Amino acid sequence: MSNIEAQVSDYYNKLLLRNAGEPEFHQAVAEVLDSLKIVLEKDPHYADYGLIQRLCEPERQLMFRVPWVDDQGEVQVNRGFRVQFNSAIGPYKGGLRFHPSVNLGIIKFLGFEQIFKNSLTGLPIGGGKGGSDFDPKGRSDAEIMRFCQSFMTELHRHIGEYRDVPAGDIGVGGREIGYLFGQYRRLANQHESGVLTGKGLAWGGSLVRTEATGYGLAYFTKEMLTEHGESFEGKKVIVSGSGNVAIYAIEKVQELGGTVIAFSDSSAWVETPNGVDVAKLKEVKEVRRERVAAYVNEVPGSKLRLEGSIWDLACDIALPCATQNELNGAQATTLADNGCKFVAEGANMPSTAEAIEVYRERGIHFGPGKAANAGGVATSALEMQQNASRDAWSFEYTDQRLHDIMANIFRNVAKTAKEYGHEGDYVIGANIAGFKKVADAMLAQGVI
Ligand code: NDP
């Protein structure tokens, strides 16, 4: 074992002890540290001044009680989180997730990933993430509003245009951002547009923000395909999930000539051999907020699947867009056996470490989430730019900016991988390119 390897494994072992019971956080850190060994062998000064230990320790971690009253008059108590991970290159920026599985370890993994993702966008945004174990499923609109108001009553003291700018994630869309913004505005007694992103168009939102993560994923994948002499034209594509990221990934993939042959939610998956009726999917999911079975009942030729896995289908391209660790090693092997050549992540860390190993061994070109799904946060930063200049850009202009950002991310990631002797390994490229900018800023700013 080289000196650097021993040093990194020592950091990691200490991190495991200090952050017990947080497997997702361990997984996210392990992947990044694995890539950083390569940088440290070449540029050992990045290990100076406790840089790696500081990078893995959030600047601030907030946990708070969120009490609210349900429609039956009962008091419910949830737990709120905001992890402000790193602000070396800009104010903390990252979404809020409302899902019963949320705990501190999940928010820390998401906040850690966000540091590198935000750095890759080339825009001045630091990394943070937050949320709650609140389950919005089955809750009335009034309950969602009361929960959001209580959540913001605590969160508002910790955020601000120059401090920390939350946005949406799983379970937090335009409706929730509206309630959160309303309560912030009331408590702060000012209309501070730049405090949240994903806002409605009438009150400081940006065109393309709703579409941005899914479209950005399709643009990134298009670059990856082009690099390998391919295109979306005629390709069979699986997109898991049917939330914000999945819907707009499906829309753009089909516009670019691919056929989306399956999508899912947590209740089932749906086979769509002739492609997805995007207008119907939006109506079912965004307007009526129903399960995927409703889509199948209304779209002839689509089939509801309650058994097996969405990854059992043969496809050319797989785009996991639901949640973390939704694609394991065995499923990655099935994808490879069935001829899949490209995987790009719309969700955060949807592939397990074993799945990524399979992609490497089987020659699957792989775009990791921190690069491939950065279009959402990049467009959030464009929303912040529009808020700061009291301006509103056109759809075409904003979409072009998003497209250019995703193409730049791909080029930067591919170039960095090559520079460090791992051509085509976009995991290593993304981790190193994202790291260097933040690390240089942290070194310049001293030990804080
Ligand atoms: P949504 O809440 O809009 O949709 C999430 C989708 O994933 C739903 O179809 C949901 O099904 C499914 N899903 C969620 N959790 C599970 C689970 N445990 N098992 C199976 N299916 C599940 O969220 P988004 O589309 O915004 O987010 C999806 C992923 O993309 C997340 O990993 C998020 O962190 C990531 N991401 C989101 C960005 C954004 O801009 N929104 C930006 C970058 C990354 P069901 O409705 O049945 O729960």
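Calculation notes
- Residues numbered from 1 in each chain as written.
- Predicted model: local features only at pLDDT ≥ 70, side-chain atom pairs only at ≥ 80, totals over all residues.
- Heavy atoms only, no water.
- UniProt positions renumbered as here; feature names shortened; annotations may be inferred.
- Helix = DSSP H or I, 4+ residues; strand = E, 2+ residues; numbered from the N terminus.
- Contact = heavy atoms within 4.5 Å.
- Buried < 20%, exposed > 50% of the residue type's maximum accessible area, 1.4 Å probe, protein only.
- Pairing = 2+ DSSP bridges.
- Right-handed = clockwise from strand over helix to strand, strands pointing away.
- Salt bridge = Lys/Arg side-chain N within 4 Å of Asp/Glu carboxyl O.
- Axes fitted to C-alpha atoms, helices over the stretch in contact; angles between N-to-C directions.
- Parallel < 35°, antiparallel > 145°, perpendicular 65-115°, else oblique.
- Nonpolar A, V, L, I, M, F, W, Y, C, P; charged D, E, K, R; others polar.

Under the annotation held in an unreviewed UniProt entry, the protein carries the name Glutamate dehydrogenase and is attributed to Corynebacterium kalinowskii. The Function (unreviewed entry) field of the UniProt record for the protein holds the comment "Catalyzes the reversible oxidative deamination of glutamate to alpha-ketoglutarate and ammonia." Annotation of the protein in UniProt includes, under Sequence similarities (unreviewed entry), the sentence "Belongs to the Glu/Leu/Phe/Val dehydrogenases family."

Caption draft 1: Just the UniProt feature "binding site: substrate" (unreviewed entry) in the protein, in detail. What UniProt calls "binding site: substrate" (unreviewed entry) maps, in this numbering, to Lys93, Gln114, Lys117, Gly168 and Ser380. Note that Lys93 resides in strand β3 (residues 92-98). Among all residues touching Gln114, those that are not within four sequence positions of it are Lys93, Gly94, Gly127, Gly128, Lys129 and Val377.

Caption draft 2: Structural view of the pairing of strand β7 (residues 259-264). Burial runs high along β7: five of the six residues are buried. Inspection of the sheet shows strand β6 (residues 236-239) paired to β7 by three bridges, in the parallel sense. What sits directly across from Ile238, in β7, is Ala262. In this view, the connection linking β6 to its parallel neighbour β7 by way of helix α8 (residues 244-255) has right-handed handedness. From the end of β7 to the start of strand β8 (residues 269-271), which pair antiparallel, there are four residues.

Caption draft 3: View of the pattern of salt bridges. If you walk through the whole model with that rule in mind, you get 29 salt bridges. Lys370 serves as the salt-bridge partner of Glu113, at 3.4 Å between the closest nitrogen and oxygen. Here Glu113 is found in helix α4 (residues 104-120), whereas its partner Lys370 is found in helix α13 (residues 369-372), with 257 residues between them in sequence. Taken individually, Glu113 and Lys370 each receive the classification buried, so the pair is uniform in this respect. Across the salt bridge formed by Asp337 and Arg362, the nearest N and O atoms sit 2.9 Å from each other. Note that Asp337 is positioned in helix α11 (residues 329-337) and Arg362 in helix α12 (residues 353-362), a separation of 25 residues in sequence. Given the relative accessible area of 41%, Arg362 is considered partly exposed.

Caption draft 4: Just the packing of helix α2 (residues 23-42) against helix α16 (residues 426-444), in detail. One can describe the packing of α2 onto α16 by two numbers: an axis separation of 9 Å at closest approach and a directional angle of 75°. Considering the angle they form, α2 stands roughly perpendicular to α16. Within the contact between the two elements, α2 uses Glu31, Val32, Ser35, Leu36, Ile38 and Val39 and α16 uses Val427, Ile428, Asn431, Ile432 and Phe435. Class assignment for the residues of the contact of α2 with α16 results in eight nonpolar, two polar and one charged.

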